[in-house]
Amino acid sequence: MAVQRTLSIIKPDAVAKNVVGDIIRRFEENGLSVIAVRLQQLSAAEAGRFYAVHAERPFYGDLCSFMSSGPALAMVLEGQNAIALNRQLMGATNPKEAEAGTIRADHADSIDANAVHGSDSAENAANEIAFFFADLELNSRIA
Ligand code: CMP
């Protein structure tokens, strides 16, 4: 299994609930390391650029206004199989379908306010990491 990097966002709902620490603890306890982090309130236009892949979907407008409704915590996670592992820890996009014990099962309220985002492929991870962070801001933790 290869070491990978993936982008994780703790969304405005989870930041507002003060569960940032609980979410990062789950990543760390499962072998993922934070190698870059920033708390930032996106503008609706910035959220729109980040989610441009969904521009034609009916939920795009609501998604952009929700993602710009308060500060979100963007971070880069590094570790073995980080992309799939992060998605496994998050649970299904719709919290009603998320497996018990996952981040979304425990902290998400709806498909929009679903606590976390995680890259879904190596290509998207590279693009999403570059959206938030410069190469010099990534501090590899691999010994
Ligand atoms: P996320 O993993 O951040 O990727 C896109 C987001 O769009 C998703 O989480 C959801 O919060 C939101 N969304 C709203 N409706 C839907 C839907 N029907 N299918 C997928 N994502 C949706």
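This text follows the structure it describes.
Residues numbered from 1 in each chain as written. Predicted model: local features only at pLDDT ≥ 70, side-chain atom pairs only at ≥ 80, totals over all residues. Heavy atoms only, no water.

**Student:** Would you mind going over the overall build of the protein chain in detail, with residue names and values included?
**Tutor:** Counting secondary structure elements, the protein chain contains 7 helices and 4 strands. The linear arrangement of helices and strands in the protein chain, starting from the amino end, is β-α-α-β-α-α-β-α-α-β-α. Projected onto the principal axes, the alpha-carbon positions of the protein chain cover approximately 45 × 35 × 25 Å. Sorting the 143 residues of the protein chain into buried and exposed places 46% on the buried side. Look at the contacts in the protein chain between residues 6 or more apart in sequence, and 78% of them connect residues 24 or more apart. For the protein chain, the exposed surface amounts to about 7400 Å²; the carbon and sulfur share of it is 50%. (Helix = DSSP H or I, 4+ residues; strand = E, 2+ residues; numbered from the N terminus. Buried < 20%, exposed > 50% of the residue type's maximum accessible area, 1.4 Å probe, protein only. Contact = heavy atoms within 4.5 Å. Areas by Shrake-Rupley, 256 points an atom, 1.4 Å probe, with all protein chains shown as cover.)

**Student:** Which residues make up the layout of surface pockets, and what values do they have?
**Tutor:** Of the volumes computed, that of the largest pocket is approximately 670 Å³. Contributing to the lining of the largest pocket are 25 residues, with Tyr51, Val53, His54, Leu63 and His117 lying nearest its centre. Counting only elements with at least two residues in the lining of the largest pocket, the list comes to α3 (44-50), α5 (82-90), β4 (116-118) and α7 (122-132). Ranked by the residues each element gives to the lining of the largest pocket, the list is headed by α7, at 4 residues. Residue composition of the lining of the largest pocket, by class: 9 nonpolar, 8 polar and 8 charged. (1 Å grid on protein atoms, 1.4 Å probe; cavity = no way out; pocket = protein on both sides within 12 Å on 5 of 7 lines; lining within 4 Å. Points joined across faces, edges and corners; volume = space filled by probe spheres on them. Nonpolar A, V, L, I, M, F, W, Y, C, P; charged D, E, K, R; others polar.)

**Student:** Before we move on, can you summarise α7 with the specific residues and values?
**Tutor:** Turning to α7, its buried residues number three or more, namely Ala125, Glu128, Ile129 and Phe132. Along the axis of α7, the buried positions cluster into a sector of 100 degrees, meaning they face one direction only. Facing away from the buried surface of α7 by more than 90 degrees, the exposed residues are Glu123 and Ala130. (Arc of directions from axis to C-beta.)

**Student:** Quick rundown of the site of the ligand? Include the residues and the values.
**Tutor:** Around the ligand, the structure places Lys11, Tyr51, His54, Arg57, Phe59, Leu63, Thr93, Arg104, Ile111, Asp112, Asn114 and His117. Lys11 places a side-chain nitrogen or oxygen 2.7 Å from an oxygen atom of the ligand. The contact in question runs from an oxygen atom of the ligand to an N or O atom on the side chain of Tyr51, over 2.6 Å. In isolation the ligand has 450 Å² of accessible area, and contact with the protein removes 79% of it. At a threshold of 2 Å from the grid points, most atoms of the ligand map onto the largest pocket. When the residues that make up the shell around the ligand are grouped by side-chain class, the tally is 4 nonpolar, 4 polar and 4 charged. (Near = heavy atom within 4 Å. Polar contact = N/O pair within 3.5 Å; in protein donor to acceptor, adjacent residues only side chain to side chain. Sits in = over half its atoms within 2 Å of the grid points.)

**Student:** Please provide a residue-by-residue account of the packing of aromatic side chains, values included.
**Tutor:** Tallied over the full model, the rule gives 5 aromatic pairs. When the ring of Phe50 is compared with that of Tyr51, the centres are 4.9 Å apart and the planes differ by 85 degrees; the resulting orientation is edge-to-face. We note that Phe50, like Tyr51, is buried. Judged by centre distance (5.3 Å) and plane angle (70 degrees), the ring pair of Phe50 and Phe131 falls under edge-to-face. Highlighted residues: Phe50 in helix α3 and Phe131 in helix α7, separated in sequence by 81 residues. Its relative accessible area of 27% is what places Phe131 among the partly exposed residues. Here a set of aromatic residues connected by ring pairs shows up, and it is made of Phe50, Tyr51, Phe131, Phe132 and Phe133. Of note, Arg38 hangs over the ring of Phe133, and the distance from its end group to the ring centre comes to 5.1 Å. (Phe/Tyr/Trp six-rings, centres within 6.5 Å; stacked < 30°, edge-to-face > 60°. Lys NZ or Arg CZ within 6 Å of the ring centre and 35° of its normal.)

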